[in-house]
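An overview of the molecular structure
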Amino acid sequence: MEIPMAQVEDLSRSLVTFDQQSTLVVIVEMSQTSWLVAGTVPGLDRRPLKKLEPNAPTLLRLVKRWVDEATKAGRTITRIVLAYEAGRDGFWLARWLRARGIEAYVIHSTSVAVSREHRRAKTDRLDTEMLMRVFLGWLRGERRHCSMVAIPTLEEEDAKRPSRERESLVGECTRIINRMKATLARLGIRGFKPDLRQAPLRLDALRTPEGVPVPPNTCDEIRRAMARLAWIREQISAIELARVKRLEQAPAQGPDAMVRLLARVIGVGLETADMLVRELLSRNLRDRRAIARYAGLTGSPNESGSKRRERGLAKTGNARVRRGLIQLAWRFLRFQKDSAVVQWYRARTQAPEGARKTTMITALARKLLIALWRMVITGPVPEGIVLRSAA
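In what follows, the accompanying structure is described. (Residues numbered from 1 in each chain as written. Predicted model: local features only at pLDDT ≥ 70, side-chain atom pairs only at ≥ 80, totals over all residues. Heavy atoms only, no water.)

Some points on the pattern of salt bridges
The following threshold applies: We count a salt bridge whenever a side-chain nitrogen from Lys or Arg sits within 4 Å of a carboxyl oxygen from Asp or Glu. Secondary structure elements are taken from DSSP: a helix is a run of H or I of four residues or more, a strand is a run of E of two residues or more, and numbering for both begins at the N terminus. A 1.4 Å probe rolled over the protein chains alone gives each residue an accessible area, and that area as a share of the maximum for its type sets the label: buried under 20%, exposed over 50%, partly exposed in between.
Scanning the model with the defined rule gives 23 salt bridges in all. In this structure, the salt-bridge partner of Arg-79 is Glu-103, at a minimum N-O distance of 3.0 Å. Highlighted residues: Arg-79 in strand S4 (residues 79-85) and Glu-103 in strand S5 (residues 103-107), separated in sequence by 24 residues. For Glu-103, a relative accessible area of 12% translates into the label buried.

This is the structure:
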């Protein structure tokens, strides 16, 4: 039976009282071939370290064995906490352990401070010691040790897949088109557009500057690339059609309702709305600073003594959200000219001494993100933003 987990309002520290004499603390260093498990067991002077096969039931048996050892040492274990570093394995293990009564957490990899030595020693054993040290600090409620990643449900993870798959397929389309153009450019053909629907029918009539047709092997290669391009476009259309059907059948509340509301904003397409909601706006973030920080739209100052230098965007958040917001900010300049955020941007870039547009577009994207977040959470439409009529 799944036990209720402590509600972590601030992922940078634990808000639950930590009693080290009755709490079993476990760290798992995961890899493809093995798991190295370290524990802090009440009543034992040593810190046990065990290498296991990548198998969840085996890990659970090891944890129960350590509980028995603590009981033999005269300690009563009332709480079991386990953590591992975010990576390739995702969140399935954390969900699996939570369903079996263990508090499982996922440590944000970049939040752990490491040695800045030029050639520092790095082994799985040293990594478990480092993770144990920062995890104990986090459990004590001390800040700046490490941060935890919010563990999504299986449904929340699955809801992101269509948007991410579509982005991958669009990138594959671009690669195929560029490859075909490069092949034709090598023959001196530059005006032909291989991405057009009628391009396969026009390929036979194509001539090089020397007046000869495209060589047969090259022609076959381009035809196969065009066939792959058409097939990928069919997959993209299938993803978009499935999304529309899902939104039509979705309830009036929750993430799907947020997508429908955002898609009503002129200049915001259904794909952008779905990406923003699934990746960011449906998350339970604390405030506008946390929203901007998750998107990586915050600065990275470099200050030391009298030196004051800004190194640009931190780019530590979700790159997919950041790219989408920058593109959306440029579209807003065209489709939402009377909105307050666009007027704010114009006032700071049109004067002769105004800031660079490419610099201020990032600030516009940040303000736009916060405005849209408030709209889907609390309801009021940002000043001057025009919505499409509800279907």
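Description of the side chain of Thr-40
Basically, it comes down to this: The contact definition used throughout considers only heavy atoms, calling two residues in contact when any of these lie within 4.5 Å.
Here Thr-40 is to be found in strand S2 (residues 35-40). For Thr-40, a relative accessible area of 10% gives the class buried. When sequence neighbours within four positions are dropped, the list of residues in contact with Thr-40 reads Gln-20, Thr-23, Leu-24, Val-25, Arg-47 and Met-132.

Points about the packing of aromatic side chains
Note the threshold: Under the pairing criterion, centres of Phe, Tyr and Trp rings, with the six-membered ring standing for Trp, must be within 6.5 Å; the plane angle then separates stacked pairs below 30 degrees from edge-to-face pairs above 60, leaving the rest tilted. For a lysine, the NZ atom is tested; for an arginine, the CZ atom; a charge sits over a ring if that atom is within 6 Å of the ring centre and within 35 degrees of the ring normal.
In this structure the tally under the stated criterion is four aromatic pairs. Pairwise contacts between aromatic rings join Tyr-105, Phe-135 and Trp-138 into one cluster. Its guanidinium or amino end placed over the ring of Tyr-105, Arg-98 lies 5.6 Å from that ring's centre, counting from NZ or CZ.

Let's talk about the sheet that holds S5
Test applied: Two strands form a pair only when DSSP identifies at least two bridges running between them. Axes, fitted as lines to C-alpha atoms, cover a helix only where it is in contact. Angles between the N-to-C directions of the axes lie from 0 to 180 degrees.
On the basis of which strands lie adjacent, the open sheet formed by five strands has the order S3-S2-S1-S4-S5 and mixed pairing. This sheet does not close on itself; its edge strands, each paired only once, are strand S3 (49-52) and S5. Across this sheet, the average inter-strand angle for adjacent strands is 20°, counted without regard to direction. The pairing of strand S1 (residues 23-30) with S4 spans six bridges and is parallel. Opposite Ile-27, over in S4, you have Ala-83 as the bridge partner. Seen against the sheet, helix H1 (residues 56-72) touches S1, S2, S3 and S4 and runs at an angle of roughly 20° to S2.

A few points about the packing of helix H9 (residues 270-281) against helix H13 (residues 357-378)
This is how the line gets drawn: Any angle from 65 to 115 degrees is called roughly perpendicular, while one under 35 is roughly parallel, one over 145 is roughly antiparallel, and all others are oblique. Residues were grouped as follows: Ala, Val, Leu, Ile, Met, Phe, Trp, Tyr, Cys and Pro as nonpolar; Asp, Glu, Lys and Arg as charged; and all remaining residues, including Gly, as polar.
Following both chains from N to C, one finds H9 and H13 inclined at 85°, their axes separated by 12 Å at the closest point. As judged from the angle between their axes, H9 and H13 are roughly perpendicular. Contacts from Leu-276, Leu-280 and Leu-281 in H9 reach Leu-369, Leu-372, Trp-373, Val-376 and Ile-377 in H13. A class-by-class count of the residues in the contact of H9 with H13 yields eight nonpolar, no polar and no charged.

Some remarks on the nonpolar core
Applicable threshold: Here the nonpolar core consists of buried residues drawn from Ala, Val, Leu, Ile, Met, Phe, Trp, Tyr and Cys, with membership extended through side-chain atoms lying within 4.5 Å.
Counting 37 residues, the largest nonpolar core has Leu-262, Leu-276, Leu-281, Leu-325, Leu-328, Phe-332 and Leu-369 as its most contacted members. Of all the secondary-structure elements, those providing two or more residues to this core are helix H8 (255-263), H9, helix H11 (319-335), helix H12 (340-349) and H13. Considering every element that reaches this core, the biggest residue donor is H13, with 11 residues. Setting aside chain neighbours within four positions, we find Leu-281 in contact with Met-258, Leu-262, Leu-276, Leu-369, Trp-373, Val-376 and Ile-377. If you look at the next biggest cluster of nonpolar residues, it comprises 29 residues, including Ala-56, Val-63, Leu-97 and Ile-151.

What about the environment of Ala-159?
Tracing the sequence through the fold places Ala-159 in helix H4 (residues 154-159). Residue classification places Ala-159 among the partly exposed positions, given a relative accessible area of 22%. In the structure, Ala-159 is positioned 231 residues away from Ala-390 in sequence and 24 Å away in space, judged by C-alpha atoms.

Thoughts on helix H3 (residues 124-139)
So the rule is basically this: Helix span, as expected, comes to 1.5 Å for every residue beyond the first.
Under the 1.5 Å per step criterion, the end-to-end length of H3 is 22 Å for 16 residues, consistent within 8% with the ideal 22 Å. In this structure, the buried residues of H3 make contact with S1, S2, S3, S4 and S5. Gly-141 occupies a position one or two residues after H3 and carries a positive phi of about 90°.

Some points on the side chain of Asp-274
Here Asp-274 lies in helix H9. Of the residues examined, Asp-274 reaches a relative accessible area of 0% and is grouped as buried. Among all residues touching Asp-274, those that are not within four sequence positions of it are Ser-163, Arg-243, Arg-246 and Val-259.

What about helix H7 (residues 216-249)?
Compared with an ideal rise of 1.5 Å per residue, which puts 34 residues at 50 Å, H7 spans 50 Å between its outermost C-alpha atoms and is within 8% of the ideal. Among the residues making up H7, those that are buried are Thr-218, Cys-219, Ile-222, Ala-225, Met-226, Leu-229, Ile-232, Ile-236, Ile-239, Arg-243 and Leu-247.

Points about the pairing of S5
Rules: Every crossover in which the path from the first strand over the helix to the second runs clockwise, viewed with the strands pointing away from the viewer, is termed right-handed.
Across the five residues of S5, five count as buried, placing the element largely inside the fold. Neither face of S5 is exposed, since Glu-103, Tyr-105 and Ile-107 on one face and Ala-104 and Val-106 on the opposite face are all buried. Pairing analysis gives five bridges linking S4 to S5, with the strands arranged parallel. In the strand pairing of S5, Ala-83 is matched with Tyr-105. Crossover handedness for the path S4 to helix H2 (residues 92-98) to S5: right-handed.

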